[in-house]
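Examination of the molecular architecture
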Amino acid sequence: MLTGCLISTVSHIALAETDNNIAEDVIVTAERRDLIGSALTSSQGVVVKDELDLLPAYRVGQMLETVPGLVVTSHSGEGKANQYLLRGFNLDHGTDLAVSIDGMPVNMRTHAHGQGYTDLNFVIPELANGLGYTKGPYFAAQGDFSAVGSVQMGYGDQIASQMALTAGTLGYQRAFAAGTTDLGSGHLTAGGELVHYDGPWDHPDNLRKGNAVLRYGQGDHYDGFTVTAMYYHALWNATTDQPARAIDDGLIGRYGTLDPSDGGKAQRMSLSGTLALPVDKGWLAGGAVKANAYVVNNQLTLWNNFTHFLDNPVLGDQHEQNENRMVAGGAVSYAKTLSLFGVDHELLTGLDVRFDDVNVDLLATHQRVPYEALGDDNVREAGGGAYLQAISHWTPWLRTVVGAREDYLTGTDHGTNAGVVAARLAQPKGSVIVTPWESTEVYVSAGRGFHSNDVRGTTQGNAPLLPKVDGAEVGLRSTLLPNLTATLTAFQMDFVSELTYNADAGQTTAGRPSRRRGLELNTTYAPWSWLELYGSVAFSHARYTDRDPAGDFIPDAPKYIGSLALYLKDLGSWGGVGPWAAGTWAEGRLSGGLEFRYLGSHPLIEDNSIQSNGYSEWNLSLDYKLESGLRLGIGVYNMFNSKDDAADYYYTDRLRGEPASGVPDMHIHPLEPRSVRFTVARQF
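Residues numbered from 1 in each chain as written. Predicted model: local features only at pLDDT ≥ 70, side-chain atom pairs only at ≥ 80, totals over all residues. Heavy atoms only, no water.

1. Brief notes about the overall build of the protein chain
The condition that has to hold: Strands are runs of DSSP state E lasting at least 2 residues, helices are runs of H or I lasting at least 4, and numbering of each runs from the N terminus. The atom set for the radius of gyration is the C-alpha atoms, and the globule formula is 2.2 Å times the number of residues raised to the power 0.38. Summary of the burial criterion: residues with accessible area below 20% of their type's maximum are buried, those above 50% are exposed, and those between are partly exposed, where the area comes from a 1.4 Å probe applied to protein chains only. Residue contacts follow a heavy-atom distance rule, with two residues in contact if any of their heavy atoms lie within 4.5 Å. Accessible surface area values rest on a Shrake-Rupley calculation with a 1.4 Å probe, where residue burial reflects the displayed protein chains alone. The positive count covers Lys and Arg only, the negative count covers Asp and Glu only, and His and the chain ends enter neither. Charged side chains are reduced to one point each, which is NZ for Lys, CZ for Arg, CG for Asp and CD for Glu.
When its secondary structure is counted, the protein chain shows four helices and 37 strands. The C-alpha atoms of the protein chain give a radius of gyration of 25 Å, which matches the 26 Å a tight globule of 684 residues would have. Expressed as a percentage of the 684 residues in the protein chain, the buried residues total 59%. Taking all contacts inside the protein chain whose residues are at least 6 apart in sequence as the whole, residues at least 24 apart take part in 66%. A total accessible area of about 25200 Å² is found for the protein chain, and carbon and sulfur atoms account for 60% of it. Computed over 49 positive and 77 negative side-chain charges, the inter-centroid distance for the protein chain is 2 Å.

2. Some remarks on the side chain of Asn638
Mapped onto the secondary structure, Asn638 falls in the loop between β34 (630-637) and β35 (645-653). Residue class for Asn638 comes out buried when judged on its relative accessible area of 2%. Contact partners of Asn638, with chain neighbours within four places excluded, come to Glu617, Trp618, Asn619, Leu671, Glu672, Pro673 and Arg674.

3. A look at the sheet that holds strand β4 (residues 89-90)
Sheet strands associate in pairs through backbone hydrogen bonding, adopting either a parallel or an antiparallel arrangement. Cut-off, in case you're wondering: Following DSSP output, two strands are said to pair if at least two bridges run between them.
Judged by pairing direction, the sheet is antiparallel, and its three strands sit side by side in the order β2-β3-β4 without closing on themselves. Every interior strand has two partners, whereas the edge strands, β2 (70-73) and β4, have only one. Note that β2 and strand β3 (residues 83-86) share four bridges and pair antiparallel. Across the sheet, the residue bridging to Val71 is Leu85, located in β3.

4. A closer look at the pattern of salt bridges
Going by this rule: Salt bridges, as used here, are contacts in which a Lys or Arg side-chain nitrogen is within 4 Å of a carboxyl oxygen on Asp or Glu.
Under the counting rule described, the total for this entry stands at 32 salt bridges. Measuring nitrogen to oxygen at the nearest pair gives 2.8 Å for the salt bridge that ties Arg399 to Glu441. Here Arg399, found in strand β20 (residues 398-415), pairs with Glu441, found in strand β22 (residues 440-450); they are 42 residues apart in sequence, far enough to count as distant. Each member of the pair, Arg399 together with Glu441, is buried. Each of Arg87, Lys135, Glu473 and Glu520 takes part in salt bridges that share partners, so that together they form one network.

5. Section: the nonpolar core
The criterion, for reference: In these notes, a set of buried Ala, Val, Leu, Ile, Met, Phe, Trp, Tyr and Cys residues joined through side-chain atoms within 4.5 Å is what counts as a nonpolar core.
Counting 60 residues, the largest nonpolar core has Leu64, Leu97 and Val123 as the members making the most contacts within it. Dropping the residues within four chain positions of it, Val123 is found in contact with Val60, Met63, Ile101, Met153, Tyr155, Glu193 and Asn211. Listed in part, the twelve residues of the second largest apolar core include Val358, Val360, Ala423 and Leu425.

6. Description of the sheet that holds β35
Spatially, β14-β36-β35 is the arrangement adopted by the three strands of the open sheet, whose pairing is antiparallel. The sheet is open, and its two borders are formed by β14 (242-243) and β35, each paired with just one other strand. Where β14 meets strand β36 (residues 663-670), two bridges bridge the pair, whose relative direction is antiparallel. Within β36, the position partnered with Gln242 by the bridge is Ile668.

7. Concerning the packing of aromatic side chains
What counts is decided by this rule: Ring geometry is summarised as follows: Phe, Tyr and Trp rings, the Trp one being its six-membered ring, pair when their centres sit within 6.5 Å, and such pairs are stacked at plane angles under 30 degrees, edge-to-face over 60 and tilted between the two. Our definition puts a charge over a ring when NZ of Lys or CZ of Arg is within 6 Å of the ring centre and also within 35 degrees of the ring normal.
Inspection of the entire model under this criterion finds ten aromatic pairs. For the pair Tyr216 and Phe225, a centre-to-centre distance of 6.2 Å together with 55° between the ring planes defines the contact as tilted. Centre to centre, the rings of Trp618 and Phe640 are 6.4 Å apart; their planes meet at 90°, and the pair counts as edge-to-face. One end of the pair, Trp618, is in strand β33 (residues 615-625); the other, Phe640, is in the loop between β34 and β35, with 22 residues separating them in the sequence. Given a relative accessible area of 29%, Trp618 falls into the partly exposed group. Members of the aromatic cluster, connected to one another through ring pairs, are Tyr58, Tyr172, Tyr197 and Tyr637. Looking at Arg677, its charged tip hangs above the ring of Tyr172, at a distance of 3.8 Å from the centre.

8. A word on a nonpolar patch on the surface
What counts is decided by this rule: Patch members must show over 30% relative accessible area and no salt bridge, and they are joined within 9 Å when carrying like charges or within 5 Å when they are nonpolar side chains of Val, Leu, Ile, Met, Phe, Trp or Tyr.
There is a patch of nonpolar side chains on the surface, built from Val432, Val442, Val444, Val474, Leu476, Leu488, Leu519, Leu521, Val537, Phe539, Tyr560 and Tyr598 and spanning about 910 Å² of accessible area. Those elements that provide at least two residues to the nonpolar patch are β22, β23 (468-481), β27 (514-528) and β28 (531-544). Summarising the element assignment, Tyr598 is placed in strand β30 (residues 589-599). Overall, Tyr598 belongs to the partly exposed group, its relative accessible area being 32%.

9. Observations regarding the pairing of strand β1 (residues 45-48)
Of the two faces of β1, the one lined by Gly45 and Val47 and the one lined by Val46 and Val48 are each fully buried. In terms of strand pairing, β1 meets strand β7 (residues 128-135) through four bridges, oriented antiparallel. When the sheet's bridge partners are listed, Val48 is paired in β7 with Gly130.

10. Describing the pairing of β20
With 18 bridges connecting them, strand β19 (residues 369-395) and β20 associate as antiparallel partners. Considered in β20, the bridge of His393 is made with Arg399. If you look at the hairpin formed by β19 and β20, you'll find two residues sitting between the two strands. Note that β20 and strand β21 (residues 419-437) share 16 bridges and pair antiparallel. Note that in β21 the partner of Val401 across the bridge is Ser431. Between the end of β20 and the start of β21, which pair antiparallel, lie three residues.

11. What to know about a negative patch on the surface
There is a patch of like negative charges on the surface, built from Asp157, Asp220, Asp223 and Asp280. Relative to the assigned elements, Asp223 resides in the loop between β12 (207-219) and β13 (224-237).

12. What to know about the confidence of the model for the protein chain
Inclusion rule: Note: pLDDT gives the predictor's confidence per residue, expressed from 0 to 100.
Summing up the model confidence of the protein chain, the mean pLDDT is 91 and the portion of residues at 70 or higher is 92%. By mean pLDDT, the top-scoring element of the protein chain is strand β9 (residues 162-168) (98), and the lowest-scoring one is helix α1 (residues 24-29) (35). The model gives residues 1-30 a pLDDT under 50, and that stretch makes 134 contacts with residues more than four places away or in other chains. For residues 574-582, every residue scores under 50 in pLDDT, and the model assigns this stretch twelve contacts once sequence neighbours within four places are set aside.

13. A closer look at the side chain of Thr365
What counts is decided by this rule: Under the rule applied, a polar contact is a pair of N or O atoms within 3.5 Å (in protein, one hydrogen donor and one hydrogen acceptor; residues adjacent in sequence only if both atoms are side-chain atoms).
Tracing the backbone shows Thr365 in strand β18 (residues 343-366). For Thr365, a relative accessible area of 0% puts it in the buried group. Here Gln318 takes part through its side chain, which lies 2.9 Å from a polar atom of the side chain of Thr365. Those residues in contact with Thr365 that lie beyond four places of it in its chain are Trp303, Gln318, His319, Glu320, Pro370 and Tyr371.

14. Some remarks on the environment of Gly37
Here Gly37 lies in the loop between α1 and β1. The spacing of Gly37 and Gly329 is 292 residues in sequence and 33 Å in space, taken between C-alpha atoms.

15. Remarks on the environment of Thr166
Inspection of the secondary structure assignment puts Thr166 in strand β9. Residues Thr166 and Val60, 106 residues apart in the sequence, show an inter-C-alpha distance of 14 Å. In this structure, Thr166 is in contact with Tyr172, Gln173, Arg174, Arg677, Phe678 and Thr679, ignoring residues within four places of it in sequence. Within polar-contact distance, the side chain of Thr166 engages the side chain of Thr679 at 2.8 Å.

16. Observations concerning the environment of Pro370
For Pro370, the location among the structural elements is in strand β19. The exposure class of Pro370 is partly exposed, given its relative accessible area of 46%. Sequence separation of Pro370 and Asp344 is 26 residues, and the distance between their C-alpha atoms is 64 Å.

Structure follows, in structure tokens:
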């Protein structure tokens, strides 16, 4: 299967809108431990390319697990968007976690499967050059879906010409190629991959995925531009979460499915551009302008049968969810540092706009053959946000951040849920940062954010269009030793409307108000240039805040999330040590990552009488790189063959012969068993 040919690229890392205070040159070179004096909260940070490359990620979406406290898992098919969990939130497929690539948003509004759907399968990991992240609604530049967190990924400046072939157990194969060439005054980069994956499932996923990227850029991230075209296409089968009683009774195996016709297909095409330029003349002189624009076509079809024979005892409950979407938008910002009355101020102002035109339909199907139309909506959404932020350095030990943002969104549905809705939301934000010692900072932050709701629900009066989210946190960041940095954050978040997973519909729906209080600790220790140790743990107390006889526990909200990681960076030369004591092999350098992932127990229903045990697993990756450019790699995933479940839910479904009202039961999607992947790569 697998081939590619390609050339590589330019980009500014486009993490700027995390907050212009963390300049891109810091992001490119700094580790997690170098943010004292620049971060606005204790839970803001950056992840450099080394850490992205060394993380033993089983799937591309798990690159985001370099964000402290973020867990990425799956409950149905590799072609589908992953599940995201952060700070006691089950964010489903991306709700309340805003993700962007070079300023182009990934989250989808009014989506066929779930609000904020964030599918990262179009990302080619080798092209990513780092990411910035925020947590909480404290950043003026961050808008829709960013209330719990945001991730801004950037594609790399240039990439060495290279090819890689990977093969492994569970039917995994991948071919990747990329490279850069000079063109005119800039650089042209091309990259591509082909992937096939079956998984352990009795009915193989048979994922067939292709990605291609072509990018041209000139200049740098202070004065330059990029233009990027992307294409993604995938086909797959899916084993969704299955009822535990079907496994216990021997109807299916642990990796089996009651409906082998479940699956999906996806296609994404985009054209985007970024621009950065200093302003030398006029009343804006001395500042810098950054802008980006994008147009995206996204097509998706999912076939899912969650409740089996509950609604239709003859043909079954499989649904086909379709969407065909065009998205266009962009953003522009202006930043300037000035002195007023002897105080330095960093000013940032900006505007972002977005337009979605999406056709969403829902069909009842039997083995992917439609027999009844259940819904057909053509939705148009248009909106934007304007913001202003000022960072004031009052003394060497005190700075403040004052920000304000206002968003407006309007939506029109011509179809099953016809109607027109509109809303605006003002969002004050602020932080106070005290530096009692050179190596320690204390942060106090408060702010308001939001997530948009599905227009199809708001036109029927079932939910507000822009439900607000209020947050506050107190944090500490300290370099305890020269190479040891720790952050400790206590947070609280209040939601007017919690988005929850509806198994019957196979998507999220607007729900009850909620509150989360929690504590998060992150540590990074790099005793030597070739070794970094990292740990993160988050505790959260999550409850609904209204009164309901069902209970006040929030289903699928984890109490604990944790991870440990060890990174080796270019350890060598091996010299005369070990089995490669002489010759070419002795001159190589060893890199790798070891990661422990932990998701704690959590309630599955509102009265907490049914719980998930969560899961834990270890992953490992090692690369040995020779001076000739040859690289040999191995990845071992779920090293100790954990039998835990990657995702589980509790809801009612029906198997043949059961009562018409169905049977409430645990539904599980197991972790993949131990697997191994081998890579041979070469730089030219």
